[in-house]
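# Structural overview
So the chains spell out like this:
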Number of protein chains: 2
Amino acid sequence: MEATIPTDLDTVVAAAAGAAAELARATDEQRAHWLEAVAEALDAAADELVPIAVAESHLPQGRLAGEVGRTTGQLRMFAAVVRDGAYLEAVIDHAQPDATPPQPDLRRVLIPVGPVAVYAASNFPFAFSVAGGDTAAALAVGCPVVVKAHPGHPELSRRTAEIIITALAAAGAPAGAFGLVEGFEAGTDLVTHPAIRAAAFTGSLHGGRALFDLAAARPAPIPFYAELGSINPVVVTRAAVEESGDALAKGLVGSFTLGAGQFCTKPGVVLVPADAGFEDAVASAASDAAPATLLNDRIGEGFADGLDALVGHPDVEVIAGTPGGGSVEAPEPVVLATSAAAVADDPDALLAECFGPVTLLIRYADEADRQAVLDVLEGSLTATVHAAEGEDVRALTTGLAERAGRVLFGGWPTGVAVTWSQQHGGPWPATTSIHTSVGATAVRRFQRPVVFQDAPEAVLPAALQEANPLGIPRRVDGRLEV
Amino acid sequence: MEATIPTDLDTVVAAAAGAAAELARATDEQRAHWLEAVAEALDAAADELVPIAVAESHLPQGRLAGEVGRTTGQLRMFAAVVRDGAYLEAVIDHAQPDATPPQPDLRRVLIPVGPVAVYAASNFPFAFSVAGGDTAAALAVGCPVVVKAHPGHPELSRRTAEIIITALAAAGAPAGAFGLVEGFEAGTDLVTHPAIRAAAFTGSLHGGRALFDLAAARPAPIPFYAELGSINPVVVTRAAVEESGDALAKGLVGSFTLGAGQFCTKPGVVLVPADAGFEDAVASAASDAAPATLLNDRIGEGFADGLDALVGHPDVEVIAGTPGGGSVEAPEPVVLATSAAAVADDPDALLAECFGPVTLLIRYADEADRQAVLDVLEGSLTATVHAAEGEDVRALTTGLAERAGRVLFGGWPTGVAVTWSQQHGGPWPATTSIHTSVGATAVRRFQRPVVFQDAPEAVLPAALQEANPLGIPRRVDGRLEV
């Protein structure tokens, strides 16, 4: 690859900047076609890519094969979003010469922000990595992309980049539309490069915050869309335990051990009714949970440290599993428990995210107790309610919606469907922004509004021409037209 | 006022935080009604408020009376935006149990971010101040507002706040929905207060950057929507001068002297064809321009310093007016000129914003010369093209759209219509963000997406209930329904 594809940061970013105008000029149909070409090429290469991913990430073959499908499905969804055209948010207000003051003709549309930096994650080597959602969303709306590869899967990153670049070129996209850089220094250089206009990141709070600070401190600051830490609280009501405690316990264990607990949506804390027998059910369900190999040694060590801190807390008990059991690379899943009072008293220690196969049950006696925990919860990507059929959870829902971007009922947060409505983002420290990194509206992070005033028809983008040649939804003189 | 309305920052912010839940729960109709009640109260008090504004800002009575109308019209526009309901961006994806993997029911809506800090501007004592667009947009979507008053018009700020608070209370809004704080320290304390979830600012690059940095450095960073500096380039083609040079010259002088040059959209630099006679026309038109009193001494001194720096530049000539003429408080309007080559050579000095009645003509010989200036332009709120009928300005338009949020044809940028499509914001340093501070979509800055997964109908907000009881536009299973 080194022979044919540039890897030097300045060269890669310059190529991206050079491609920006042509990408912005491309039609929706062209960009949709490019995304589909990339999807097709990745699907065709799945048999080659998945074994590399297995070797580098230690994730199971089946999961990774599924993730390729999720990734190419995501590329195709963004193609559909672009073809739909509503993402342009076209708005036309015709002139009102007789108004006081007279009002000009104004036509607003969203345009690409320019070259976007994407920081790949370790835990989804396909779906949140080189060809992941951030890349797809940025390319979809006409922004060149420079991906900073995650060091956890370097070969997979290079090979994926090669496939993307080849597919884009064959589909007619301009050279420089996509590039890859590697290494820690490239990561900091990228976010401070003057040609980069926005950045998207999925990873740790520590690393994300450092890059966020660099983005904000630039002479010309750029938006830094970071998905960071999330403990994803789950609330199980007493009635829910009575109705289906065993099934819930099994569901919980399945969710917190999925991907060896390495999901940003892993249920990290579970508010459970005290003395309702739910802990025993969880312990029993967890007895079947086998160790699974973590992504890499750094994550293994981080998990061991985080678990040590929790287990060493005077108010924490071990309910299932042996902390330190298994190995650092493939630790035993562990269930811990504490009380609502202890959490209210020491939230920083007890509500710290611990990335890996552990969850913390928080016992509450009554609603006041439960509320005391909710009051100290920071922002999360998700919050989950398990209640009995017909139970009134309106107040609980409102409280959880204040703290999370997705509120689930009767399910588990570890699955994130890629749809028009999906929201993957929440109050700090879940994300840095009011945007999503999954779902159709993820494109909005890479668009900037421009309004044309009294423009001759000849200079207007197609989206704003009077006859609506693209046939897209628009708001005209205050009225939505579909 | 001190007797009845709290002025202590912690008290005001605590009241705002206390009101947040009730504001978020309020119906669209209630919030629209509150905005209209504020508009009505301000209109009724115009005869009392305008004289205070005249005394404190030195702006003319007629302009300020018009600005009250603009401000109350803006409040009513946001009421209409809220009633329309599209601002909620409701999206519903029904469950697809047979999909692989099965897809849950997902329903997304935008909710208020929580208490918002608004930093008032000096140059629009009504429209960008206590009851201005930021306040209206935040209240519209259910966010409590704490305004940091501008020290340039303290009495007007207090009296306006009193009217807002009284009107909101009478209309049934919760206490704490609106508050006012004053003083430099309150400004920095406000943006770092943990209960504040977003901030909006209109003012200088220096002050805005300092507050932006504080917002970004918080333990939990918040979005800081700042409208900062803008030189608003104007390009006049040779053919346009031939077609209507005298009228353009008069229009330019009217625009750069409007409000004594104290508009963030003032045309600060004008690219003009060399040796086309346009300079003489501008000099002639400017000979009628009278000194007007600036807002306050600080602005007078800033203008004098900025003008000194420009006039002292070896490549700058004075075309009209006497720099230092008039007084510091009411300086003579000045037109300067330089060459494209000089600007390309020293853009930092020659393209610095100078707030007040001055504009800089930049002579270009040909398109390459013109492009050399465009290449060094930073972001602006606006960019303007004056071309002859039928002249091809497509490439020029694309270049300007890369550098501005509003591109105008045949007009002057100093008027900013409040409409559905308006965009008031552009690349740094025009604004810090990809959002607008004027127009219907200004509300988006104060909203955050939440998605409900498999939620029982009883907990869903009305916007997401199956039967669409609000009758709002929604995207359902990928299809826009109006």
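Given the structure is predicted, the values throughout are model-derived calculations rather than measurements. (Residues numbered from 1 in each chain as written. Chains lettered and ligands numbered in written order. Predicted model: local features only at pLDDT ≥ 70, side-chain atom pairs only at ≥ 80, totals over all residues. Heavy atoms only, no water.)

## Here's the deal with the overall build of chain A
How we decide: Secondary structure counts use DSSP, requiring at least four H or I residues in a row for a helix and at least two E residues in a row for a strand, with both numbered from the N terminus. All radius of gyration figures rest on C-alpha atoms, and the globule criterion is 2.2 Å times the number of residues raised to 0.38. Only heavy atoms enter the contact rule, under which two residues are in contact if any of them lie within 4.5 Å. Accessible surface area values rest on a Shrake-Rupley calculation with a 1.4 Å probe, where residue burial reflects the displayed protein chains alone. The sign given to each residue is positive for Lys and Arg and negative for Asp and Glu; His and the chain ends receive no count. Charge placement uses NZ in Lys and CZ in Arg. For Asp and Glu, CG and CD serve respectively.
Scanning chain A from terminus to terminus reveals 15 helices and 17 strands. Taken over C-alpha atoms, the radius of gyration comes to 24 Å for chain A, in line with the 23 Å a tight globule of 482 residues would show. Summarising its shape, the C-alpha atoms of chain A cover approximately 75 × 60 × 40 Å along the three principal directions. Within chain A, counting contacts between residues at least 6 apart in sequence, those at least 24 apart form 75% of the total. Working note: accessible area of chain A is about 17100 Å², and carbon and sulfur atoms make up 54% of it. For chain A, the distance from the average position of its 29 positive side-chain charges to the average position of its 59 negative side-chain charges is 7 Å.

## Quick look at the state of the cysteines
Note the threshold: Whenever a pair of cysteine sulfur atoms sits within 2.5 Å, that pair is classed as a disulfide.
Tallying each qualifying case throughout the model produces zero disulfides over all chains. Left without a disulfide partner, A:Cys354 is nearest to the cysteine sulfur of A:Cys264, which lies 15 Å away.

## Regarding the interface of chain B and chain A
Convention followed: Here the quantity called buried area is the total loss of accessible area, with a 1.4 Å probe, experienced by two parts when brought into contact, counted for both. The term salt bridge refers to a side-chain nitrogen of Lys or Arg lying within 4 Å of a carboxyl oxygen of Asp or Glu. Under the grouping applied here, Gly and all other residues not named as nonpolar or charged are polar, the nonpolar ones being Ala, Val, Leu, Ile, Met, Phe, Trp, Tyr, Cys and Pro and the charged ones Asp, Glu, Lys and Arg.
Between chain B and chain A, the contact holds 63 residues from the first and 63 residues from the second. Interface area, chain B with chain A, both sides summed: about 5200 Å², of which 61% is carbon and sulfur. Ranking the residues of chain B by area buried against chain A places B:Ser421, B:Ile434 and B:Gln453 at the top, with a combined share of 13%. Across the chain B-chain A interface, the total number found is two salt bridges. B:Arg475 is the partner of A:Asp84 in a salt bridge, and the nearest nitrogen-oxygen pair spans 2.8 Å. Looking at which element gives the most residues to the side of chain B that touches chain A, the answer is strand S15 (residues 447–453) of chain B, with seven residues. Of the residues contributing to the side of chain B that touches chain A, the split by class is 35 nonpolar, 12 polar and 16 charged.

## A closer look at unusual backbone geometry
Residues A:Trp428 and A:Pro429 are joined by a peptide bond in cis, for which omega reads 5 degrees. Turning to its location among the elements, A:Pro429 is positioned in the loop between strand S14 (404–409) and strand S15 (447–453). Residue B:Pro101 is reached from B:Thr100 by a cis peptide bond, and omega for that bond is -10 degrees. For B:Pro101, the location among the structural elements is in the loop between strand S1 (91–93) and strand S2 (106–112).

## Some remarks on the sheet that holds S15(B)
What counts is decided by this rule: Being paired, for any two strands, means DSSP has found at least two bridges between them. Note on geometry: axes are C-alpha line fits, over the in-contact stretch for helices, and angles between N-to-C directions span 0 to 180 degrees.
A sheet is described by the order of its strands in space; here 12 strands give the open sequence S10(A)-S11(A)-S12(A)-S9(A)-S8(A)-S13(A)-S14(A)-S15(B)-S2(B)-S1(B)-S16(B)-S17(B), paired in mixed fashion. This sheet does not close on itself; its edge strands, each paired only once, are strand S10 (317–320) of chain A together with strand S17 (479–481) of chain B. Strand-to-strand twist across the sheet, computed as the mean angle between neighbouring axes with direction ignored, equals 25 degrees. Here strand S16 (residues 474–476) of chain B runs beside S17(B); their pairing, made up of three bridges, is antiparallel. Residue pairing across strands places B:Arg474 opposite B:Glu481, the latter belonging to S17(B).

## Details of the pattern of salt bridges
The criterion, for reference: Only protein chains enter the calculation, and the probe is 1.4 Å; a residue is then buried if its accessible area is under 20% of its type maximum, exposed if over 50%, and partly exposed in between.
Applying the stated criterion across every chain, the model contains 44 salt bridges over all chains. Notably, a salt bridge pairs A:Arg403 with A:Glu402, separated by 3.7 Å at the nearest N-O pair. For A:Arg403, a relative accessible area of 15% puts it in the buried group. Its salt-bridge partner being B:Arg83, residue B:Glu36 comes within 2.8 Å of it at the nearest N-O pair. Of the two residues, B:Glu36 sits in helix H2 (residues 28–44) while B:Arg83 sits in helix H4 (residues 61–84), which places them 47 residues apart along the sequence. Using a relative accessible area of 36% as the deciding quantity, one classes B:Arg83 as partly exposed.

## Comments concerning the pairing of strand S5 (residues 178–181) of chain A
Residues and elements named next belong to chain A. Applicable threshold: For crossovers, right-handed means that the path from the first strand over the helix to the second runs clockwise, given strands pointing away from the viewer.
Burial along S5 is two-sided: Phe178 and Leu180 and Gly179 and Val181, pointing in opposite directions, are all buried. Bridge count for strand S4 (residues 145–148) against S5 is four bridges, and the pairing is parallel. Looking at S5, one finds that Val145 is bridged to Phe178. Once the chain exits S4 it traverses helix H6 (residues 154–170) before rejoining the sheet at S5, and the crossover so formed is right-handed.

## Comments concerning the sheet that holds strand S11 (residues 334–339) of chain B
The 12 strands are arranged S17(A)-S16(A)-S1(A)-S2(A)-S15(A)-S14(B)-S13(B)-S8(B)-S9(B)-S12(B)-S11(B)-S10(B) in an open sheet whose pairing can be described as mixed. At either margin of the open sheet sits one strand with a lone partner, and together these are strand S17 (479–481) of chain A together with strand S10 (317–320) of chain B. Going across the sheet, the axis of each strand differs from the next one's by a mean of 25 degrees, ignoring polarity. With three bridges connecting them, strand S1 (residues 91–93) of chain A and strand S2 (residues 106–112) of chain A associate as antiparallel partners. Along S2(A), the bridge assignment pairs A:Ile92 with A:Arg107. Contacting strand S8 (234–236), strand S9 (269–273), S10, S11 and strand S12 (358–364) of chain B, helix H10 (residues 278–286) of chain B runs over the sheet at an angle of about 60 degrees to S10(B).

## Quick notes on the relation of the copies chain B and chain A
One copy of the chain maps onto the second through a rotation about an axis and a displacement along it. The following threshold applies: For this overlay, a least-squares fit was computed on C-alpha atoms, restricted to residues scoring pLDDT of at least 70 in both copies.
When chain B is brought onto chain A, the operation consists of a screw motion whose angular component is 180 degrees and whose axial shift is 0.0 Å, with 0.0 Å RMSD remaining. As the rotation angle and translation indicate, the two copies are arranged about a two-fold axis. Distance from the rotation axis, computed per C-alpha, reaches its smallest value in chain B at B:Ala216: 3.3 Å. Of the interface residues in chain B, 100% have counterparts in chain A that sit at the interface too, so the contact is made through matching surfaces.

## Quick word on the nonpolar core
We apply this condition: The term nonpolar core refers to a set of buried residues drawn from Ala, Val, Leu, Ile, Met, Phe, Trp, Tyr and Cys, joined through side-chain atoms within 4.5 Å.
Residues A:Phe446, A:Phe452, B:Phe446 and B:Phe452 are the most contacted members of the largest nonpolar core, which totals 226 residues. Within the second largest apolar cluster, 48 residues are counted, among which are A:Ile222, B:Val12, B:Tyr119 and B:Phe201.

## Here's the deal with the side chain of B:Gln423
Structurally, the position occupied by B:Gln423 is in the loop between strand S14 (404–409) and S15. Taking the relative accessible area as the measure of exposure, B:Gln423 reaches 1% and is therefore buried. Ignoring sequence-local partners within four residues, the contact set of B:Gln423 consists of A:Arg108, A:Pro449, A:Val450, A:Val451, B:Gly405, B:Arg406, B:His435, B:Thr436 and B:Val438.

## A word on helix H1 (residues 9–25) of chain A
Residues and elements named next belong to chain A. Here is the rule we go by: Each helix should span, by expectation, one fewer than its residue count multiplied by 1.5 Å.
Under the 1.5 Å per step criterion, the end-to-end length of H1 is 25 Å for 17 residues, consistent within 8% with the ideal 24 Å. Residues of H1 that are buried include every one of Leu9, Val12, Val13, Ala16, Ala19, Ala20 and Leu23, and no others. Contacts made by the buried residues of H1 are with helix H2 (28–44), helix H5 (133–140), S4, S5 and helix H7 (184–191).

## Here we look at the packing of helix H9 (residues 238–257) of chain A against helix H10 (residues 278–286) of chain A
Residues and elements named next belong to chain A. As a reminder, the rule being used: Put simply, a crossing is left-handed when the front helix is turned counterclockwise from the back one by less than a right angle, and right-handed when it is turned clockwise.
In the contact formed by H9 and H10, the axes pass within 8 Å of each other and the chain directions differ by 35 degrees. The two elements H9 and H10 meet at a crossing, and its hand is right-handed. Counting all contacts with H9, which are made through Val241, Gly245, Asp246, Leu248, Ala249, Lys250, Leu252 and Val253, the residues of H10 involved are Phe278, Ala281, Val282, Ala285 and Ala286. Looking at side-chain class alone, the contact of H9 with H10 contains 10 nonpolar, one polar and two charged residues.

## Some thoughts on the packing of aromatic side chains
Filter applied, for reference: Here is the rule: rings of Phe, Tyr and Trp (six-membered ring for Trp) pair when centre to centre is within 6.5 Å. Planes less than 30 degrees apart are stacked, more than 60 are edge-to-face, and the remainder are tilted. We call a charge positioned above a ring when the Lys NZ or Arg CZ atom is no farther than 6 Å from the ring centre and deviates by at most 35 degrees from the ring normal.
Applying the stated rule across the entire model yields 13 aromatic pairs over all chains. The interplanar angle of 70 degrees and the centroid separation of 5.0 Å between the aromatic rings of A:Phe124 and A:Phe263 together place this pair among those described as edge-to-face. Pair noted here: A:Phe124 is in the loop between strand S3 (116–119) and H5 and A:Phe263 is in the loop between H9 and strand S9 (269–273), with a separation of 139 residues, a long-range link. This pair shows no difference in class: A:Phe124 is buried, exactly as A:Phe263 is. Clustering of aromatic rings is evident, with ring pairs tying together A:Tyr119, A:Phe201 and A:Phe224. The ring of A:Phe124 carries the charged tip of A:Arg63 above its face, separated from the ring centre by 4.4 Å. Here B:Arg445 stacks its cationic end above the ring of B:Tyr225, 6.0 Å away from the centre of that ring.

## Notes on a negative patch on the surface
Let me state the cut-off plainly: Like-charged residues are merged into a patch within 9 Å and nonpolar side chains (Val, Leu, Ile, Met, Phe, Trp, Tyr) within 5 Å, provided each residue has over 30% relative accessible area and no salt bridge.
Together, A:Asp297, A:Glu301, A:Asp305, A:Asp308 and A:Glu329 make up a region of like negative charge exposed at the surface. Looking at where A:Glu301 falls in the secondary structure, it is placed in helix H11 (residues 297–311).

## Notes on the confidence of the model for chain A
To keep things clear, this is the line we draw: Along the chain, pLDDT gives the predictor's confidence residue by residue, from 0 to 100.
Across chain A, the average pLDDT comes to 96, with 99% of residues at or above 70. Scored as a complex, the prediction yields pTM 0.96 and ipTM 0.97.

## A closer look at the environment of A:Gly183
Following the sequence through the fold, A:Gly183 ends up in the loop between S5 and H7. Along the backbone, A:Gly183 and A:Arg444 are 261 residues apart, and their C-alpha atoms lie at a distance of 28 Å.

## A short note on the pairing of S14(B)
All names here are of chain B. Of all six residues making up S14, six are buried, and the element is well covered by its neighbours. Both strand S13 (residues 380–386) and S14 contribute to a ladder of five bridges, which runs parallel. Its bridge partner being in S14, Thr382 is matched across the sheet by Arg406. Crossover connection from S13 via helix H15 (residues 394–401) to parallel S14: handedness right-handed.

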